[in-house]
Amino acid sequence: MITYRTLTPEMAGKLAEIDRSESIDKIYTLNEGKLSTIEMHCESSGWDTVALREMQERFAFELKEGGMGIGAFKEERLVGFGVLGHAFIGAAQDQLQVDLLYVSRNYRKRGIGKTILQMISEEAKKRGAKALYISSTETTSAVSFYMGNGAAVTDTVDEVLFRKEPKDIHMVKKLE
């Protein structure tokens, strides 16, 4: 049974329990507002030591600054997590970012990511956000997940996030 709990900055070490590896068949690119796919056929491994440390620091920073984290647990093992960013962004300052969202490889396609995204969406609405901003990796699995859960490619990218991840697919999920 999967249980969901609010995460604290002190739980950053638990991120090492996530298996973010995946087989990638295709990736998306965005050109002039249109998504296209490129055949890829590669294996993406888990986080290396440096990437894990960066992820843990980013996680702890967002939570300490007022963001919110939700963890999915199988007993005491973290099998999925999501982080709602702390700062409002967008031209109208009415969007909050899905800063991180990962589900371990063996637990994907079981509704865990969807539940985490729903919980993050509810919290964002409580905080007054009109939309979630998503800077998704370009893998078809990630983009399809977000689009299948109500997100759409945005015409108005956040320039700061775009500069950090120019290959990402930038989307917005309106909150109703």
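Remember, predicted model here, so these are calculated numbers, not experimental data. (Residues numbered from 1 in each chain as written. Predicted model: local features only at pLDDT ≥ 70, side-chain atom pairs only at ≥ 80, totals over all residues. Heavy atoms only, no water.)

Student: Help me understand the overall build of the protein in this model?
Tutor: Counting its regular elements, the protein contains four helices and nine strands. Secondary structure elements of the protein, listed N to C terminal, follow the sequence β-β-β-α-β-β-β-α-β-α-β-α-β. Over its C-alpha atoms the protein spans a radius of gyration of 15 Å, differing by no more than 12% from the 16 Å that the globule rule assigns to 176 residues. For the protein, with 176 residues in total, the buried portion stands at 43%. Sequence separation of at least 24 residues holds for 66% of the intrachain contacts in the protein that already meet a minimum separation of 6. Counting every atom, the protein has about 9,700 Å² of accessible surface; 49% of that belongs to carbon and sulfur. Measuring between centres, the 24 positive side-chain charges of the protein sit 4 Å from its 26 negative side-chain charges. (Helix = DSSP H or I, 4+ residues; strand = E, 2+ residues; numbered from the N terminus. Rg over C-alpha atoms; globule rule 2.2 N^0.38 Å. Buried < 20%, exposed > 50% of the residue type's maximum accessible area, 1.4 Å probe, protein only. Contact = heavy atoms within 4.5 Å. Areas by Shrake-Rupley, 256 points an atom, 1.4 Å probe, with all protein chains shown as cover. Lys, Arg positive; Asp, Glu negative; His and termini not counted. Charge placed at Lys NZ, Arg CZ, Asp CG, Glu CD.)

Student: Please clarify how helix 3 (residues 140-148) should be interpreted in this entry.
Tutor: For an α-helix, the turn length of 3.6 residues means that residues three or four places apart are oriented alike. Here helix 3 has its buried residues at Ala142, Val143 and Tyr146. In an axial view of helix 3, the angular spread of the buried residues amounts to 95 degrees, which keeps them on one side of the axis. Note on helix 3: the residue one or two positions beyond its end, Gly150, has a positive phi of about 95 degrees. (Arc of directions from axis to C-beta.)

Student: In this structure, what is going on with the environment of Val172? I would like to understand it.
Tutor: Within the fold, Val172 resides in strand 9 (residues 169-174). Beyond its immediate chain neighbours, meaning those up to four positions away, Val172 contacts Gln95, Ala131, Leu132, Tyr133, Gly150, Ala151, Ala152 and Thr154.

Student: How should the environment of Gly113 be read in this particular structure?
Tutor: Looking at the secondary structure, you find Gly113 in helix 2 (residues 112-126). Counting along the chain gives 15 residues from Gly113 to Gly128, while the straight-line C-alpha distance between them is 22 Å. With residues near it in sequence (within four places) discarded, Gly113 still touches Leu101, Val103 and Phe145.

All we've got here are geometric facts, nothing functional implied.
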